[in-house]
Amino acid sequence: MGNSSSRGRSKPGQGHGSKVAPSSSAGEQSQQKTFKWSIDGFSSLLGKDAGWTYSRVFEAMGHNWYLKLNPRDKKSSGSKEYVSLRLELANSSLKSDTVVDASFKLLIYDQSFGKHSEHEVSHSFQTASTSTGTSCMISLGKLKKQSSKFLLNNCCVFGVEFIKVTTLKANTTSETLFVQKTSIFNEAKTYTWDIDDFFALKNPGYSPEFEVGGYKWHIIMYPSRDGNHLSLYLKLKKTNDLPSDTANLVELTLSIKDQETGKHRKGTGRCQFTKNARTWGWSKFMSLEDFKNSANGYLVKTKCCVVAEVAIVGSSKME
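Residues numbered from 1 in each chain as written. Predicted model: local features only at pLDDT ≥ 70, side-chain atom pairs only at ≥ 80, totals over all residues. Heavy atoms only, no water.

1. Concerning the overall build of the chain
The condition is simple: Numbering of helices and strands runs from the N terminus, with a helix taken as a DSSP run of H or I at least four residues long and a strand as a DSSP run of E at least two residues long. The buried label applies to any residue whose accessible area, calculated with a 1.4 Å probe on protein chains only, is under 20% of its type's maximum; exposed applies above 50%, and partly exposed to all values in between. Whether two residues are in contact is decided by their heavy atoms, any of which lying within 4.5 Å being enough.
Counting its secondary structure elements, the chain contains four helices and 20 strands. The 319 residues of the chain split such that 50% are buried. Within the chain, contacts between residues separated by at least 24 positions form 69% of all contacts whose residues are at least 6 apart in sequence.

In structure tokens:
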């Protein structure tokens, strides 16, 4: 999943980068940069469906990154839940002919005793590998233990500490994400986009605008992306009301209806919308072959139906 017109998720456009020699000096390599991500209302996040929650895109060491958190991850064998954290390189920092070699620590902060949970990682980021593998940091049970102080006053603090990156930049940023409890004030709203003639749709095609949480939105569909995939995105209409240092955490589900059996194709995520990251979605939502197969019921003659479920479930502020 991703943001902006150049980003599409679940994974960005696949490709193969060619490795280049590091260009940073020894002085630059000795510098470290840290991004801290405080999640206030952590119990509310645990009460939501399992899956990944994204930080905003932040700049560090000359590149744009974001963290992904799954507080209820499971290993392939067993039902025990783990807190998993990943670092991803944003598409805005990707070039097909470069590799970003990075060494860093993923952290969960012990807020009283400083006995942080650390996981050191080295990874070569490129278009074909923008994300570190799943890092099951600690069990959810351990995080919730009173003696650990990872969870304090319903707040957890996660972070990444960079050790070495091929191109360095002296910037440090931090973000606090507040996750709200579900209520009648932030419950999901549903918008249905009925498309009468899919083959007449522009590339991209925009739905009529609709309102959720006081903001205007569009669904964007690319009928053909990468030659053989249909892409779907949710876009926040440009607004001057959102300060540059704040963001809205949005829980979204985009669906293409199966008009025959009701087995709809869905994509779900929790993403942060800002002035500079107003579009999130999936570049490879489904293959055109599956979409156009009449047996699947997604395209009936020329008609299809796209549904967006959208709720603003939190907010964040940069410091």
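Next comes the rest of the description.
2. Topic: the pairing of strand 5 (residues 63-74)
The test is simple: We treat two strands as partners when DSSP finds at least two bridges between them.
With respect to burial, strand 5 is a largely interior element, nine of its 12 residues being buried. With three bridges joining them, strand 4 (residues 58-60) and strand 5 adopt antiparallel strand pairing. From the neighbouring strand, Ala60 faces strand 5, where its bridge partner is His63. From the end of strand 4 to the start of strand 5, which pair antiparallel, there are two residues, and Met61 there has a positive phi angle of about 55°. Looking at chain direction, strand 5 and strand 6 (residues 81-89) are connected through eight bridges and run antiparallel. Bridge pairing in strand 6 links Asp73 to Tyr82.

3. Comments concerning the pattern of salt bridges
The line we're drawing: One speaks of a salt bridge when a side-chain nitrogen belonging to Lys or Arg is within 4 Å of a carboxyl oxygen belonging to Asp or Glu.
A complete count under the given rule lists nine salt bridges for this structure. Between Glu209 and Lys237 there is a salt bridge whose closest N-O contact spans 2.7 Å. Here the residue Glu209 occupies a position in the loop between strand 13 (205-206) and strand 14 (210-212), and Lys237 occupies one in the loop between strand 16 (229-236) and strand 17 (246-256), the gap between them amounting to 28 residues. Residue classification places Glu209 among the partly exposed residues on the basis of a relative accessible area of 35%. Its relative accessible area of 38% is what places Lys237 among the partly exposed residues. Lys317 is the partner of Asp245 in a salt bridge, and the nearest nitrogen-oxygen pair spans 2.8 Å. In this pair, Asp245 is assigned in the loop between strand 16 and strand 17 and Lys317 in strand 20 (residues 304-318), connecting sequence segments 72 residues apart. Judged by its relative accessible area of 28%, Asp245 falls in the partly exposed class.

4. Here's the deal with the side chain of Thr132
Among the structural elements, Thr132 can be located in the loop between strand 8 (117-125) and strand 9 (136-139). Its relative accessible area of 3% is what places Thr132 among the buried residues. Residues within four places of Thr132 in sequence aside, it is in contact with Arg86, Leu87, Phe104, Val121, His123 and Phe125.

5. Details of the pairing of strand 10 (residues 155-165)
Within strand 10, nine of the 11 residues are buried, which leaves the element mostly enclosed by the surrounding structure. With eight bridges joining them, strand 2 (residues 33-40) and strand 10 adopt antiparallel strand pairing. Paired with Thr34 across the bridge in strand 10 is Glu161. Examined bridge by bridge, strand 7 (residues 100-108) and strand 10 share seven bridges and lie antiparallel to one another. Directly across from Ala102, in strand 10, lies its bridge partner Val165.

6. A word on unusual backbone geometry
With an omega of 15°, the peptide bond between Asn203 and Pro204 qualifies as cis. Looking at the element boundaries, Pro204 is found in the loop between strand 12 (189-195) and strand 13. The phi dihedral of Met61 is positive, around 55°, even though this residue is not glycine. Note that Met61 resides in the loop between strand 4 and strand 5. Within the chain, Asn153 stands out as a residue other than glycine whose phi angle is a positive 55°.

7. With respect to the packing of aromatic side chains
Short version of the rule: Stacked, tilted and edge-to-face pairs are distinguished by plane angle, under 30 degrees for stacked and over 60 for edge-to-face with tilted covering the rest, among Phe, Tyr and Trp rings (Trp via its six-membered ring) whose centres lie within 6.5 Å. Only lysine NZ and arginine CZ atoms are considered, and such an atom sits over a ring when it is within 6 Å of the ring centre and within 35 degrees of the ring normal.
The tally for this structure, following the rule as stated, stands at 15 aromatic pairs. Consider the rings of Phe198 and Phe291, whose centres lie 4.7 Å apart with planes at 55°: the pair is tilted. In this pair, Phe198 is assigned in the loop between strand 12 and strand 13 and Phe291 in helix 4 (residues 288-292), connecting sequence segments 93 residues apart. Overall, Phe198 belongs to the buried group, its relative accessible area being 3%. The interplanar angle of 75° and the centroid separation of 6.1 Å between the aromatic rings of Trp282 and Phe285 together place this pair among those described as edge-to-face. By relative accessible area, Phe285 is classed as buried at 8%. A cation over an aromatic ring shows up here: Lys75 above the ring of Tyr82, its NZ or CZ 4.6 Å from the ring centre.

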